[in-house]
Amino acid sequence: MKVVSGLKPLPKGEKLAVLMPGMGAVATTAIAGVHAVKKKLAAPVGSLTQLGHLMEPDGRHGPQLRDILPLASFDDLVFGGWDPIPDDVYAAALRAKVLRREHLDPLKDELQAIRPMPAVFDKNWVRRLDGPNVKKGTLREKAEALQADIKGFLEKHRCARGVMVWTGSTEVYVQAGPAHQSIKAFEAALDKNDATIAPSMIYAYAAIKCGIPFMNGAPNLSQDTPALQELAEREGVATGGKDFKTGQTLMKTTIAPMLHARLLGLEGWFSTNILGNRDGEVLDDAASFKTKEVSKLSVLDSILIPKQHPELYGDIDHKVTIHYYPPRGDNKEGWDAIDIFGWLGYPMHIKVNFQCRDSILAAPLAMDLALLADLGQRAGGKGPQEWLSFFFKSPVTASGKPVHDLFQQQAILHAQLAKFAEAAAAAAKSAVG
């Protein structure tokens, strides 16, 4: 991406709005976590922007990113969002059962002050959820109401900029159709109440129209449609990939590169999960699971490159399942049975049992994406930010050829961050001179 020469330091105290459609487990965990870090009650474990160091070309750790990049500070973030359930963030966090009460109670005043705005919501797109806190009217009226929400929030909280991070549910599977091919067709579809326009698309449209980056934490078809990519390019707005890379896919994008690097063959990869939170309930619907399945299945071909080694990866049996199991709540458990072969074709097996916490892994990604998307747009980035692929299950690229290997993604990410650091240093030197 093009980086402008003057990536200026941020004025102290300049506010950044972080707006989240879907204020459930991930959003409330992220918001509570930021407030806990600000009060020095916890460490921002898992956050690249808060704990990470620049990776030098030779692999050594360089300076801490917070010291060389003009990132928005946690102290300057203002949170808002939308949800069909009207609970404030404290009540929603208690209901999500990710963070324990002894960790939430010291933050109660801050969390209770954040209440969701009425959501753009349609049960045809998320069938297992419902709530009274929703916007009425046509699709065009809902899109305009979202834009009014964004502008009103920025003005009320005196925010200089904003960023939107989708932390809502997975919508039913849909492929791009006529309404998604151009912004002219998309806006005509809004006026016609076209049933192929999903709520997440309306959020992405509203964000881009208001000039704020849109990062998609679910596998929904939204900002990656040709129509909204066209709008983002026209408006100079940064967008990202889809679906936070947590849990099983995180493991898949680390193990598969090892197999490819060592030229070990792969016969089959069976992945299954149990999950009991709101996301698990939504994914219990077959149409919503289809959206997630497509996201999860896409990684192996890109990493293993079957055309390059058909004898090793030309006929892989790849299965993915997710099961809703309420007793586990947010504590997701994933099993992978991986059938590989080595020298002379002799079979071997890898078994993985990842007992993780879904929102604990996703929350720092949401915050990193908010800060980095803001940085990227200030540096002149618009449209898909390929350098952010590290954070997504389904990267979106201008070329349509995403990289899935976690370590290649890490190298691309740090190369871009190094360019930002150079631009920031040049701007600081120019200001002093």
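What counts and how
- Residues numbered from 1 in each chain as written.
- Predicted model: local features only at pLDDT ≥ 70, side-chain atom pairs only at ≥ 80, totals over all residues.
- Heavy atoms only, no water.
- pLDDT = per-residue confidence, 0-100.
- Contact = heavy atoms within 4.5 Å.
- Patch = residues over 30% accessible without salt bridge, like charges linked within 9 Å, V, L, I, M, F, W, Y side chains within 5 Å.
- Areas by Shrake-Rupley, 256 points an atom, 1.4 Å probe, with all protein chains shown as cover.
- Salt bridge = Lys/Arg side-chain N within 4 Å of Asp/Glu carboxyl O.
- Helix = DSSP H or I, 4+ residues; strand = E, 2+ residues; numbered from the N terminus.
- Buried < 20%, exposed > 50% of the residue type's maximum accessible area, 1.4 Å probe, protein only.
- 1 Å grid on protein atoms, 1.4 Å probe; cavity = no way out; pocket = protein on both sides within 12 Å on 5 of 7 lines; lining within 4 Å.
- Points joined across faces, edges and corners; volume = space filled by probe spheres on them.
- Nonpolar A, V, L, I, M, F, W, Y, C, P; charged D, E, K, R; others polar.
- Axes fitted to C-alpha atoms, helices over the stretch in contact; angles between N-to-C directions.
- Parallel < 35°, antiparallel > 145°, perpendicular 65-115°, else oblique.
- Arc of directions from axis to C-beta.
- Pairing = 2+ DSSP bridges.

Peer 1: What am I meant to see in the confidence of the model for the chain here?
Peer 2: The predicted coordinates of low-pLDDT regions are not to be read in fine detail. Averaged over every residue, the pLDDT of the chain is 93; residues scoring 70 or more account for 97%. Overall, residues 1–5 carries pLDDT values under 50, and its contacts beyond four positions in sequence, including any with other chains, amount to 21 contacts.

Peer 1: Whenever I open this one, a nonpolar patch on the surface confuses me. Can you help?
Peer 2: On the surface, a cluster of nonpolar side chains totalling about 510 Å² of accessible area is made up of Trp343, Leu344 and Tyr346. Considering the arrangement of structural elements, one finds tyrosine 346 in the loop between β10 (333–341) and β11 (347–355). For tyrosine 346, a relative accessible area of 59% translates into the label exposed.

Peer 1: Explain empty space enclosed by the protein to me, please; I cannot follow it from the model alone.
Peer 2: Any space left empty among the atoms is revealed by the rolling of a water-sized probe across them. In this structure the tally under the stated criterion is two cavities of 30 Å³ or more. As a volume, the largest cavity reaches approximately 370 Å³. Around the largest cavity, the lining comprises 28 residues; the ones closest to its centre are Val26, Gly168, Asn277, Asp279 and Asp358. Listed by contribution, the elements that provide at least two residues to the lining of the largest cavity are α1 (25–38), β7 (238–244), β8 (265–275), α12 (278–283), α13 (286–297) and α16 (358–378). In terms of residue class, the lining of the largest cavity is made up of nine nonpolar, ten polar and nine charged. Reported here for the second largest cavity is a volume of approximately 200 Å³. Considering the residues around the second largest cavity, the lining is formed by 19 residues, among which Pro84, Phe121, Trp166, Gly168 and Ser169 are closest to the centre. Grouping the amino acids of the lining of the second largest cavity by side-chain chemistry returns twelve nonpolar, three polar and four charged.

Peer 1: Mind showing me how you'd approach the pattern of salt bridges here?
Peer 2: Here the idea is simple: oppositely charged side chains can pair when their charged atoms come close. Enumeration over the complete set of coordinates arrives at 18 salt bridges. Between lysine 242 and aspartate 224 there is a salt bridge, with its nearest N and O atoms 3.0 Å apart. Taken together, the residues span a long stretch of sequence, with lysine 242 in strand β7 and aspartate 224 in the loop between β6 (214–216) and α10 (226–235) at a distance of 18 residues. In terms of burial, lysine 242 and aspartate 224 fall into one category: buried. In the salt-bridge network here, residues are joined through shared partners; they are Glu14, Arg161, Asp374 and Arg378.

Peer 1: Sorry, what's going on with the packing of helix α7 (residues 139–156) against helix α8 (residues 183–191) here?
Peer 2: The geometry of a pair of packed helices is captured by two quantities: the angle between their axes and the separation between those axes. At a closest axis distance of 6 Å, the pairing of α7 and α8 adopts a crossing angle of 110°. Between α7 and α8, the crossing angle belongs to the class labelled roughly perpendicular. In this structure, α7 contributes Leu139, Arg140 and Ala143 to the contact, and α8 contributes Glu187, Ala189, Leu190 and Asp191.

Peer 1: Sorry, what's going on with α10 here?
Peer 2: Along an α-helix, residues three or four positions apart point the same way, because every turn accommodates 3.6 residues. The complete set of buried residues in α10 reads Ala227, Leu228, Leu231 and Ala232. Taken down its axis, α10 places every buried residue within 130° of arc, on the same side. Tucked inside the fold, the buried residues of α10 contact α8, α9 (199–209), β7 and β12 (383–384). The positive-phi residue at the C-terminal boundary of α10 is glycine 236, with phi of around 70°.

Peer 1: Explanation requested: unusual backbone geometry in the structure shown.
Peer 2: Peptide bonds are, in most cases, trans, and in most cases residues other than glycine have a negative phi. With a phi close to 60°, lysine 97 is a non-glycine residue in the positive phi region. Inspection of the secondary structure puts lysine 97 in the loop between α4 (89–96) and α5 (101–104). By relative accessible area, lysine 97 is classed as exposed at 70%. Backbone geometry places isoleucine 305, a non-glycine residue, at a positive phi of 55°. Residue classification places isoleucine 305 among the partly exposed residues on the basis of a relative accessible area of 34%.

Peer 1: Before we go on, may I ask you to explain the sheet that holds β8 in this structure?
Peer 2: Hydrogen bonds between backbone groups are what pair the strands of a sheet, and the pairing can be parallel or antiparallel. Strand order in the open sheet made by the four strands is β9-β8-β10-β11, with mixed pairing throughout. With partners counted over all chains shown, the strands left at the sheet margins are β9 (317–324) and β11, one partner each. Going across the sheet, the axis of each strand differs from the next one's by a mean of 10°, ignoring polarity. Inspection of the sheet shows β10 paired to β11 by nine bridges, in the antiparallel sense. The residue of β11 that forms the bridge with phenylalanine 341 is proline 347. Across the sheet, helix α11 (residues 247–262) lies against β8, β9, β10 and β11, angled at about 165° from β8, the strand it touches most.

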